[in-house]
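Below, each chain spelled out in residue letters.
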Amino acid sequence: MENQTKITALLGIRYPILQGPMGGGFSNAELLAAVSNAGGLGSFGAYTLTPEQILAVDKEIKSKTNKPYNINLWVSDVDDSLKDYSAEKLDKLKQLFKPYFDSLSIPLPDLDPNIPSKFLKQVEAVFEARPAVFSFIFGIPPKEILDEARRLGIKTVGAATTLDEGLALEQAGVDAIVASGFEAGGHRPSFLKPAHQSLTGTFALVQHLKAKIKTPVIAAGGIKDGKGIKAALTLGADAAQLGTAFLVTEESNATPTHRTMLLSDEARYTVLSKSLTGRMGRMIRNRISEEVSYETEVLPFPLQSRFMGPLREAAQAQGRTDLGIFWSGQNAVNLKAGTAAELMQSLINEAFAD
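Procedures and definitions
Counting restarts for each chain, with residues numbered from 1 along the sequence as it is written. Totals for whole chains, interfaces and linings use all residues, but because this is a predicted model, local features are given only for residues with pLDDT of at least 70 and pairs of side-chain atoms are given and counted only at 80 or more. Side-chain numbers here rest on the full set of heavy atoms in the structure, without hydrogens or water. Paired strands, in this sense, are two strands between which DSSP finds at least two bridges. Helix and strand definitions here come from DSSP, where helices need a minimum of 4 consecutive H or I residues and strands a minimum of 2 consecutive E residues; each element is numbered from the N-terminal end. Only the contacting stretch of a helix is used when fitting its axis, a line to C-alpha atoms as for every element, and angles between N-to-C directions run 0 to 180 degrees. The contact criterion used is simple: two residues touch if any of their non-hydrogen atoms lie within 4.5 Å. Under the scheme applied here, a residue whose accessible area is under 20% of the maximum for its type counts as buried, over 50% as exposed, and between as partly exposed, the area being computed with a 1.4 Å probe on protein chains only. Look down the strands so they point away from you; if the path from the first strand over the helix to the second goes clockwise, the crossover is right-handed. Put simply, the grid is 1 Å and covers the protein atoms alone, a cavity is a trapped set of points that fit a 1.4 Å probe, a pocket is an open set with protein on both sides within 12 Å along at least five of seven lines, and lining residues have an atom within 4 Å of a point. Grid points are joined across faces, edges and corners, and a volume is the space filled by probe spheres set on the points. Classes in brief: Ala, Val, Leu, Ile, Met, Phe, Trp, Tyr, Cys and Pro nonpolar; Asp, Glu, Lys and Arg charged; the others, Gly included, polar. The definition of a nonpolar core used throughout is a set of buried Ala, Val, Leu, Ile, Met, Phe, Trp, Tyr and Cys residues joined through side-chain atoms within 4.5 Å. Should an angle lie under 35 degrees it is considered roughly parallel, over 145 roughly antiparallel, and from 65 to 115 roughly perpendicular; all remaining angles are considered oblique. When the near helix sits turned anticlockwise from the far one by under a right angle, the crossing is termed left-handed; a clockwise turn instead gives a right-handed crossing.

Draft legend 1. Broad picture of the sheet that holds strand 6 (residues 176-180). What the eight strands build is an open sheet, ordered 1-9-8-6-5-4-3-2; its pairing is parallel. Among the strands making up the open sheet, the edge pair consists of strand 1 (17-19) and strand 2 (42-45). Neighbour-to-neighbour, the strand axes of the sheet open up by a mean angle of 25°, direction not taken into account. Alignment of strand 2 against strand 3 (residues 69-74), held across four bridges, turns out to be parallel. Its bridge partner lying in strand 3, G45 is registered against N72. Against the sheet, helix 2 (residues 29-37) engages strand 1, strand 2 and strand 3, with an angle of about 155° to strand 2. Against the sheet, helix 3 (residues 51-64) makes contact with strand 2 and strand 3, and its axis sits at roughly 165° relative to strand 3, the strand it touches most.

Here's what the structure looks like:
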């Protein structure tokens with residue numbers, strides 16, 4: 001199969017293989033550089049970072065690669081419902097999770113619901129860093145931001161979970177669109193309708209988008225090997241993006257326990273849950289996801305994530321996988337541990353060998 005596509009030409013990369021921009025501390029410069037140096041597009045999920053941290057990370061990235069790379073942000077990084085959040089409601093919802101904290105012998109944390117958005121300041125740092133690619137999820141940046149990226153020569157990539165979102169992104173003038181299928185691990189980046197109403201599968205979504213838009217499409221969700229990349233390209237995608245497969249590489253910041261879970265039979269059982277962060281995401285099932293249904297009200301994002309942070313840390317320290325959060329895509333079968341360079345070579349050989 002030919003390895004040159006609209007995406008390789010657009011982004012200046014050798015192979016149409018993108019590393020998913022895993023946020024929440026999973027990304028690092030070493031993983032990104034390994035992917036970019038192998039001819040793909042390495043990515044860094046920076047939505048939790050301050051502008052100063054973004055610039056520091058970018059400096060480290062530039063010391064490890066001179067190839068194109070991507071920095072990813074969240075357009076909507078604070079739920080609207082968090083505004084003027086009542087103390088009474090906060091206390092009530094905290095009590096719902098008290099038994100889990102009690103089981104780890106840790107107190108409920110004190111929380112400040114006043115959480116301002118970091119996005120606009122983060123964008124300023126991205127523009128100062130000037131990566132080859134600026135990708136974003138959970139919405140579309142204002143026109144002024146997209147115009148400035150274009151002026152600086154930075155390619156913009158948005159994420160769609162439905163055809164309507166893809167059409168909106170094309171109308172906004174982004175350079176490429178990630179077709180984020182429901183099989184993908186991590187958060188569902190829906191922005192026009194709630195995530196639970198935006199559950200199109202990857203390959204169906206790719207075909208929906210290719211039938212209605214002209215913007216290059218990147219398939220993401222459920223792709224873990226060269227066969228998946230080849231299938232995505234055969235169906236019309238211009239590139240494939242992989243996340244979970246890179247989580248088990250030596251360079252990723254996933255904990256040893258997380259890697260072990262991804263390589264175990266437990267990875268067969270993934271669920272979509274908002275119980276751990278306040279927004280729907282795909283993870284390996286745990287006690288909380290099984291007991292707290294999607295219909296159950298939880299704290300808005302990112303307050304719920306901050307609330308559960310001490311629980312996740314205590315669970316990890318105590319070896320409690322039943323209360324840990326382990327992001328995973330739906331197709332985590334037969335993942336292979338090793339280096340990111342080894343994974344890239346395997347993907348290239350399987351997808352593009354004559």
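Draft legend 2. Fine view of the pairing of strand 4 (residues 133-137). The element strand 4 is largely enclosed, with a buried count of five among its five residues. Side-chain alternation along strand 4 places V133, S135 and I137 on one buried face and F134 and F136 on a second face that is also buried. Across five bridges, the pairing between strand 3 and strand 4 is parallel. Opposite W74, over in strand 4, you have I137 as the bridge partner. In terms of strand pairing, strand 4 meets strand 5 (residues 155-160) through four bridges, oriented parallel. Each residue of the ladder has a partner; that of S135, found in strand 5, is V157. Crossover strand 4 to strand 5 through helix 7 (residues 143-152) is right-handed.

Draft legend 3. Spatial organisation of the layout of surface pockets. Counted as a void, the second largest pocket has a volume near 750 Å³. Partitioned by chemical class, the residues of the lining of the second largest pocket number 13 nonpolar, six polar and nine charged.

Draft legend 4. Looking closely at the nonpolar core. Membership of the largest hydrophobic core comes to 95 residues, with the highest contact counts inside it found for I17, F97, F134, I229, L242, F246 and I288. Element by element, the count of residues in this core is highest for helix 15 (residues 340-352), at seven residues. With 18 residues, the next largest nonpolar core counts W74, V157, A239 and F301 among its residues.

Draft legend 5. Spotlight on the packing of helix 2 against helix 3. Their axes nearest at 9 Å, the elements helix 2 and helix 3 cross at an angle of 40°. The angle between the axes of helix 2 and helix 3 places the two elements in the oblique class. For helix 2 against helix 3, the interelement crossing comes out right-handed. Counting all contacts with helix 2, which are made through A29, E30, L32, A33 and N37, the residues of helix 3 involved are E60, I61 and K64. Taken together, the residues of the contact of helix 2 with helix 3 break down into four nonpolar, one polar and three charged.

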